[in-house]
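Residue-level structure breakdown
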Protein chains: 2
Amino acid sequence: MTQATLARTLRRDAAENREAILAAAKALLRRDPDASLEAIAQSAGLSRRAVYGHFANRDELVSEILTAGAERITAALVATAHDDPRIWLALIAARLWDEVEDVRVMAQLAVRGPFRDRVGAALAPLRSALRENVGCGIREGMLRRDMPADTLARLLEDSVISVLDEATRRELSSADGHRLVMLAALSTAGLSWRESAVLIDATPALAHDDAHQHPTHADYQQHPTHGAAHQHPTQAAR
Amino acid sequence: MTQATLARTLRRDAAENREAILAAAKALLRRDPDASLEAIAQSAGLSRRAVYGHFANRDELVSEILTAGAERITAALVATAHDDPRIWLALIAARLWDEVEDVRVMAQLAVRGPFRDRVGAALAPLRSALRENVGCGIREGMLRRDMPADTLARLLEDSVISVLDEATRRELSSADGHRLVMLAALSTAGLSWRESAVLIDATPALAHDDAHQHPTHADYQQHPTHGAAHQHPTQAAR
DNA sequence: ACGAACCTGCACACTACTGTGCAAGTTATC
DNA sequence: GATAACTTGCACAGTAGTGTGCAGGTTCGT
């Protein structure tokens, strides 16, 4: 029969179901790292029993999400370099915004459960790069000098996670989220909000490239109408 | 039959054990909101069975911690007012630092479990006060104008929680933590790190008052010489 | 020193979740 | 349309946690 033996006769709908499980798991684990397989399966439109047809056990499912997420993130960040540590920071933040979904799952799993260590290990290179750039930025006087580099590095991590959460909660457009994440990172790094805006607008590399927009909610207004006098240079959203 | 019937004959060591349970629960719940009663009891030096002599069930134990924490926090923040929204923010942040332990437990319980709503309700007045001051600060041009007030308010919340976590992790002195929390809040609010330092140093109300120090690690240097130019003392951990 | 308050240890029932086996049904694919 | 792949549903065992009852020991208070 055909050329089966080696070529896994993987049925098409089975692959779809596998993806559905992964998607549902990501969605639920993002809110509760201890979500039950029952809930995940149901959310994916399958029975709990069926999940074990795709993953040997709960750990394997989570691990799959974990390593895939780590790969996407590091792939998105690799080869990110810039002389100016401020711009480097903004770049990293912006690229994390392009991978929000995965970043948020990783962040959730990094805090609790037996996966803490593995997530930490997967993100180690990124952490050391951050640490490196922060130290460099402090030495060169481009970042805040009023706290130790380690502390600043960690605050930057948390800051980005927070704003990523908030951005998805508000279902910001791709462009708005892009800008907001950079603003938050630069603020934490010590810049004033005006300095941040100037820096962002003066740096073409930080402009929003909507090649890979996330369908958070479809395109949206450029700027959520914030009552009073608008400031915000509004940059060419192109 | 002394005069008992009404006067609760509450034994002394029993009260101590009750406190030990609460303390242990706070310590464990801060790291894992689902910590088992077994673990809590053991950490308090008691058997699991004994816990049920003090609390009817798990929920009641957690609720006790919750309401006590909410009371301490709101008590510490009540009657905090200032014309300058920036200073108001720094004041709130600093006073939260004085209640770090409770704040961190609350923050942990606010995210997960069936207590989310109750914590949210308990902190509602604080949230609305924050929202109020942020809106006012934006209108007056003292806070950043580049994002909606709601977003800024939430980022401020997360920012303070993050730095509180980091400060305890590093076992900062009372004075260092005091300053760090204010710096983080002001940064998120849009000030540059130099502006923040100037504002803090120019405002007597924001000076560190070590009347109520938390014994995070024993008294430490007062550290008045923060200087705008040189490195932060950082303390050598232990 | 006496009694009551408190703690321990154990047993037990109950709930919720994981992981597995198997029979029977459904569906993609050749 | 036949077959293998996939799914379902159920039953079952195992784990971990909660909440309760009770017998017997320890310790506080008077």
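Residues numbered from 1 in each chain as written. Chains lettered and ligands numbered in written order. Predicted model: local features only at pLDDT ≥ 70, side-chain atom pairs only at ≥ 80, totals over all residues. Heavy atoms only, no water.

To continue, consider the overall build of chain A. In terms of helices and strands, chain A carries 11 helices and 0 strands. Each helix and strand of chain A, placed in order from N terminus to C terminus, yields the pattern α-α-α-α-α-α-α-α-α-α-α. Every one of the 238 residues in chain A was classed for burial, and the buried ones make up 46%. Within chain A, residue pairs in contact and separated by at least 24 positions form 65% of the contacts whose partners lie at least 6 positions apart. When the accessible surface of chain A is split by element, carbon and sulfur atoms take 52% of a total near 12000 Å². (Helix = DSSP H or I, 4+ residues; strand = E, 2+ residues; numbered from the N terminus. Buried < 20%, exposed > 50% of the residue type's maximum accessible area, 1.4 Å probe, protein only. Contact = heavy atoms within 4.5 Å. Areas by Shrake-Rupley, 256 points an atom, 1.4 Å probe, with all protein chains shown as cover.)

Time to look at the relation of the copies chain B and chain A. Once chain B is rotated about the relating axis by 180 degrees and shifted along it by 0.0 Å, it coincides with chain A to within an RMSD of 0.1 Å. These values place the two chain copies in the arrangement generated by a two-fold rotation axis. Residue serine 192 of chain B of chain B places its C-alpha closer to the rotation axis than any other residue of that unit, at 1.9 Å. Counting the interface residues of chain B, we find that 91% of their copies in chain A are interface residues as well, pointing to one common contact surface. (Least-squares fit on C-alpha atoms with pLDDT ≥ 70 in both.)

On to the protein's contact with DNA strand C, then. The environment of DNA strand C is made up of 23 residues, and the closest members are Arg12 and Arg49 of chain A together with Arg11, Asn17 and Ser47 of chain B. For DNA strand C, the fraction of protein-proximal atoms (within 4 Å) that sit in sugar or phosphate groups is 60%. Here a base nitrogen of DNA strand C sits 2.3 Å away from a polar atom, N or O, in the side chain of arginine 11 of chain B. Taking serine 47 of chain B, its side chain carries an N or O atom lying 2.7 Å from a phosphate oxygen of DNA strand C. Breaking the surface near DNA strand C down by element, the ones donating at least two residues are helix 1 (12-31) and helix 3 (48-51) of chain A together with helix 1 (12-31) and helix 3 (48-51) of chain B. (Near = heavy atom within 4 Å. Polar contact = N/O pair within 3.5 Å; in protein donor to acceptor, adjacent residues only side chain to side chain.)

Residue and element names in this part refer to chain B. Residue alanine 79 is not a glycine yet carries a positive backbone phi of 65 degrees. Secondary-structure assignment places alanine 79 in the loop between helix 4 (58-77) and helix 5 (85-97). Of note in the backbone geometry, glutamate 171 takes a positive phi value of approximately 50 degrees without being a glycine.

What follows deals with the environment of glutamate 101 of chain A. Residue and element names in this part refer to chain A. Mapped onto the fold, glutamate 101 is located in helix 6 (residues 100-111). On the basis of relative accessible area, glutamate 101 is assigned to the partly exposed category, the value being 32%. Each C-alpha atom, one on glutamate 101 and one on threonine 168, is 8.8 Å from the other, the two residues being 67 residues apart in sequence. Among the polar contacts listed, one links the side chain of glutamate 101 to the side chain of arginine 30, at a separation of 2.5 Å.

Bringing helix 1 of chain A into the picture now. All names here are of chain A. Along its 20 residues, helix 1 runs 30 Å from first to last C-alpha, staying within 8% of the 28 Å computed at 1.5 Å per residue. Looking only at helix 1, the buried set comprises Ile21, Leu22, Ala24, Ala25, Leu28 and Leu29. Those residues of helix 1 hidden inside the fold are in contact with helix 2 (37-44), helix 3, helix 4 (58-77) and helix 6. (Expected span 1.5 Å × (residues − 1).)

What follows deals with the interface of chain B and chain A. Each partner contributes to the interface: chain B provides 34 residues, whereas chain A provides 35 residues. Contact with chain A buries area across many residues of chain B, yet Arg145, Asp146 and Trp193 of chain B alone supply 21% of it, more than any other trio. Run the count over chain B and chain A and you get 6 salt bridges. For the salt bridge of aspartate 32 of chain B with arginine 112 of chain A, the shortest nitrogen-to-oxygen distance reads 2.6 Å. For the interface between chain B and chain A, the tally reads 10 residue pairs in polar contact (both at pLDDT 80 or more). The greatest single-element share of the side of chain B that touches chain A, amounting to 9 residues, is contributed by helix 9 (residues 149-169) of chain B. (Buried area = accessible area lost by both parts, 1.4 Å probe. Salt bridge = Lys/Arg side-chain N within 4 Å of Asp/Glu carboxyl O.)

Take the nonpolar core next. By size, the foremost hydrophobic cluster in this structure holds 108 residues, and its most contacted members are Leu61 and Leu164 of chain A together with Leu61 of chain B. If near-sequence neighbours (up to four positions away) are discounted, leucine 164 of chain A is found in contact with Leu96, Trp97, Val100, Val103, Arg104 and Val181 of chain A. (Core = buried A, V, L, I, M, F, W, Y, C linked by side-chain atoms within 4.5 Å.)

Below, the discussion takes up the packing of helix 1 of chain B against helix 6 (residues 100-111) of chain B. Residue and element names in this part refer to chain B. The interhelical angle for the contact between helix 1 and helix 6, taken along N-to-C directions, is 50 degrees, at an axis separation of 8 Å. When the axis of helix 1 is compared with that of helix 6, the two are oblique. Judged by the sense of rotation from one axis to the other, the crossing of helix 1 with helix 6 is left-handed. Here Lys26, Leu29 and Arg30 of helix 1 come into contact with helix 6, specifically with Glu101, Asp102, Arg104, Val105 and Gln108. (Axes fitted to C-alpha atoms, helices over the stretch in contact; angles between N-to-C directions. Parallel < 35°, antiparallel > 145°, perpendicular 65-115°, else oblique. Left-handed = near helix turned anticlockwise from the far one by under 90°.)

This part takes up the protein's contact with DNA strand D. Near DNA strand D lie 22 residues; those nearest to it are Arg11, Asn17 and Ser47 of chain A together with Arg12 and Arg49 of chain B. Of all atoms in DNA strand D that approach within 4 Å of the protein, 61% are sugar or phosphate atoms. At the level of elements, helix 1 and helix 3 of chain A together with helix 1 and helix 3 of chain B are the ones that each hand at least two residues to the surface near DNA strand D. Here the surface near DNA strand D is composed, by residue class, of 7 nonpolar, 7 polar and 8 charged. (Nonpolar A, V, L, I, M, F, W, Y, C, P; charged D, E, K, R; others polar.)

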